[in-house]
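Listed below are the residues making up each chain.
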Amino acid sequence: MYYIGLLGLGTVATGTLEILSDPSGRNPLISEMIVKKIGVRSLEKTRTIQLSQELLTQDLDSIVIDPQIDIVVELLGGLEPARSLILKAINAGKHVVTANKAVIARYREEIYAAAQAKGVYVLIEGAVGGGIPIIKPLKQSLGSNRIQSIIGIVNGTTNYILSQMSDFGADFSEVLARAQQLGYAEADPSSDVDGLDAADKIAILASLSFGGHIKREDVYSEGISNITATDIDYARRLGYTIKLLAIARGNAGEDSDHLELRVHPTLVPQSHPLASIHGVNNAVLVEGDPLGRVMFYGPGAGSGPTASAVVSDIMNIVAILKSHGTGATLDPLLSRAHQHYCQITPIEEIKSSFYTRLITLDRPGAIGQIGTCFGEQNVSLQSLVQIGLKAGQAELVIVSHDVKEGLFRRALESVRQLEAIKDIPSVIRVLA
Ligand SMILES: NC(=O)c1ccc[n+]([C@@H]2O[C@H](COP(=O)([O-])OP(=O)(O)OC[C@H]3O[C@@H](n4cnc5c(N)ncnc54)[C@H](OP(=O)(O)O)[C@@H]3O)[C@@H](O)[C@H]2O)c1
């Protein structure tokens, strides 16, 4: 039998216990797992799962050093005490399973170095994409490929909000309030809507795919709170849908150590596979050589889906312990460690096409002046459409060709100085 110490008894931990307590029809290894202790904050809280009160403890330290426990499953969330408990568990020789993207994105290097030193595994399948298997495929099934890009919709809350805005023509704040009522968005939604959660996840995926450490603060992130129903409508008319994308792209051939790494709202062509990802679902599109494109799609969060990933990680460890016994040499496919930091390309150097919405005074020559400002920075324009005209003001939508962001921003600054320009409400990058 293999003993598990569970840290936390919230959404994902409850789903994990539900799988472990109902092994019929699942992998037989599940019947060999025993949950010995569960660490919680409150002993009085009413739980949605029936279990012996004796399993619960508020002394989480005692779990991570318990000599009988083989695997510590960290499902607390947040940075502390999660990070310290993971490190303590490793130092006590425990294998660790966690779904904590915030901790892994920031402390992966420290945690993996400790795990290597102790010869234990730290598996993180639940940390990205909830129930979607993406970590193990990147480490193993796609391991023969040179990964070129990873583009993901990795935050269900923002995808739900953008989908609702698109379906019902509603504005951001209205949809956010509804998402909070339905439990799809947190009371404090900033980690989701500001793109921070997606940035944690792309940092993890990029590190696995491009073979280097990523400094979390190097991930550029922009959220969706400035996206309006108007932009969603104009984007649709131009053949696009707006998604919050997390993008990691290697610049193989130029400088293989340079990575583009960013999270931002993006106009996605309606024909692109990510354009059809609706609601709370997640999808990760991986492009590799020689494979080409492969897309992973499914429920990116939730109790059952995330627990599915967590339990499969526990199973992987149990399978190895069973075949090699404890103290087994680390399987390099499950425990890849890196030596160096990836160089991240500054956002100003990244080439994109841009969608820009401008409000101008309806004056002769205004469009020519705008064109000159862009031309002076070598920004060429794909299309310029006057969408509406009211009260002497015109609304223009411009889509540029690919251009370095720094040049585009400089051109936009000179456009902003033009007397005819009243406002530039939106600038959104466009996926090629
Ligand atoms: N929810 C999802 O859909 C999802 C998807 C993917 C990944 N994840 C990740 O999975 C992890 C768990 O998420 P969750 O949604 O299950 O969280 P949750 O529902 O908020 O549950 C957290 C649990 O941890 C316990 N806890 C938190 N801080 C503690 C502390 N200082 N001392 C003792 N116990 C503490 C809480 O105890 P009490 O019950 O006593 O308050 C609670 O049982 C997070 O890292 C999250 O990012 C979640």
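Note on numbering: residues in each chain are counted from 1, in written sequence order. Local features in this predicted model are restricted to residues whose pLDDT is 70 or higher, and side-chain atom pairs enter the listing and the counts only when it is 80 or higher, whereas totals over whole chains, interfaces and linings include all residues.

Going along the chain from the N terminus, every DSSP run of H or I of four or more residues is numbered as a helix, and every run of E of two or more is numbered as a strand. When helices and strands are counted, the protein shows 13 helices and 18 strands. Referenced to the eigenvectors of the C-alpha coordinate spread, the extents of the protein come out at roughly 80 × 50 × 35 Å. Scored against the burial criterion, the 432 residues of the protein give a buried share of 43%. We call two residues in contact if the C-beta atoms placed from their backbones are at most 7 Å apart. Pairs at least 24 apart in sequence give 76% of the contacts found in the protein among residues at least 6 apart. Three exposure classes are used, all based on how many other C-beta atoms lie within 10 Å of a residue's own C-beta (placed from the backbone): buried at 20 or more, exposed at 12 or fewer, and partly exposed between those limits.

The local shell around the ligand holds 24 residues, among which Gly8, Gly10, Gly77, Asn100 and Ala301 are the closest. Ranked by residue count, the leading element in the shell around the ligand is helix α1 (residues 11-20), at three residues. Each residue receives a C-beta atom placed from its backbone. It is near a molecule or strand if this atom lies within 6 Å of it.

Counting residues in hydrophobic clusters, the biggest one holds 122 residues, and the most contacted among them are Val73, Ile202, Leu205, Ala206 and Ile314. Considering every element that reaches this core, the biggest residue donor is helix α9 (residues 196-210), with nine residues. For the purposes of this analysis, a nonpolar core is taken to be any set of buried Ala, Val, Leu, Ile, Met, Phe, Trp, Tyr and Cys residues that are connected through C-beta atoms within 7 Å.

We now examine the domain arrangement of the protein. Either an automatic procedure or a domain database provided the assignment from which the domain bounds are taken. Considered domain by domain, the protein is made up of domain 1 (2-131 + 303-340), domain 2 (135-299) and domain 3 (350-430). Measuring from the centre of the C-alpha atoms in domain 1 to the corresponding centre in domain 2 gives 27 Å. With 20 residues of domain 1 in contact, the opposing surface of domain 2 contributes 21 residues. For the side of domain 1 that touches domain 2, the residue count by class is nine nonpolar, five polar and six charged. Throughout this entry, Asp, Glu, Lys and Arg are counted as charged residues, while Ala, Val, Leu, Ile, Met, Phe, Trp, Tyr, Cys and Pro are counted as nonpolar. The remaining residues, Gly among them, count as polar.

Pairing analysis gives seven bridges linking strand β7 (residues 146-153) to strand β11 (residues 281-289), with the strands arranged antiparallel. Bridge pairing in β11 places Ile151 opposite Leu285. Here, a strand pair is defined by DSSP locating no fewer than two bridges between the strands. Here four bridges tie β7 to strand β9 (residues 240-250), and the two strands are oriented antiparallel to one another. Following the sheet pairing, Ile151 is matched in β9 by Ile247.

Lines fitted to the C-alpha atoms define the axes, with helices restricted to the stretch that makes contact. Angles between their N-to-C directions range from 0 to 180 degrees. Between helix α6 (residues 156-168) and helix α7 (residues 172-181), the least distance of the axes is 9 Å, while the angle of their chain directions is 125°. Put simply, α6 runs oblique to α7. With respect to the hand of their crossing, α6 and α7 are arranged in right-handed fashion. From α6, Thr157, Tyr160, Ile161, Gln164 and Met165 reach across to α7, where they touch Phe172, Val175, Leu176 and Ala179. Any angle that falls under 35 degrees is termed roughly parallel, while one over 145 is termed roughly antiparallel, one within 65 to 115 roughly perpendicular, and all others oblique. Definitions for this section: a left-handed crossing has its near helix turned counterclockwise from the far helix by less than a right angle. A right-handed crossing has that turn clockwise.

Take the environment of Gly152 next. Along the chain, Gly152 falls in strand β7. In this structure the C-alpha to C-alpha distance between Gly152 and Gly25, which are 127 residues apart in sequence, comes to 32 Å. The contact partners of Gly152, leaving out residues within four places of it in the chain, are Ile202, Leu205, Leu245, Ala246, Asn282, Ala283, Val284 and Leu285.

On to helix α13 (residues 405-417), then. To estimate the expected span of a helix, count its residues, drop one, and scale the result by 1.5 Å. Its 13 residues place the ends of α13 19 Å apart at the C-alpha level, agreeing with the 18 Å of an ideal helix rising 1.5 Å per residue. Those residues of α13 that sit buried are Phe408, Ala411, Leu412 and Val415. An end-on view of α13 places all buried positions within 100° of arc, on one side of the element. Looking at α13, the residues exposed on the side facing more than 90 degrees away from the buried face are Glu413, Arg416 and Gln417. Looking at the buried side of α13, the elements it contacts are β14 (351-361), α12 (366-376), β16 (393-400), β17 (403-404) and β18 (421-430). Note that the arc is defined by the directions from the helix axis to the C-beta atoms.

The next point concerns the sheet that holds strand β2 (residues 33-39). Across the sheet, which stays open at both edges, the six strands sit in the order β3-β2-β1-β4-β5-β6 with parallel pairing between neighbours. Each having just a single partner strand, β3 (56-57) and β6 (122-123) make up the two edges of the open sheet. Strand direction decides the pairing type here: strand β5 (residues 95-98) and β6, joined by two bridges, are parallel. Note on β6: the bridge partner recorded for Val97 is Leu123.

What follows is about the packing of helix α3 (residues 82-91) against helix α4 (residues 101-118). Close contact between α3 and α4 brings their axes to 9 Å; oriented N to C, the two are set at 10°. Taken together, the axes of α3 and α4 are roughly parallel relative to one another. Packed against α3, whose contacting residues are Ala82, Arg83, Ile86, Leu87, Ile90 and Asn91, the element α4 presents Val103, Tyr107, Ile111, Ala114, Ala115 and Lys118 at the interface. Class assignment for the residues of the contact of α3 with α4 results in nine nonpolar, one polar and two charged.

Of note, the bond from Glu80 into Pro81 is cis; its omega dihedral lies within 30 degrees of zero at 10°. Its location among the elements puts Pro81 in the loop between β4 (71-74) and α3. Following Asp289, the chain continues into Pro290 via a peptide bond in cis, with omega recorded as 15°. Here Pro290 lies in the loop between β11 and β12 (292-299). Backbone geometry places Asn378, a non-glycine residue, at a positive phi of 60°. Of note, Asn378 is situated in the loop between α12 and β15 (381-390).

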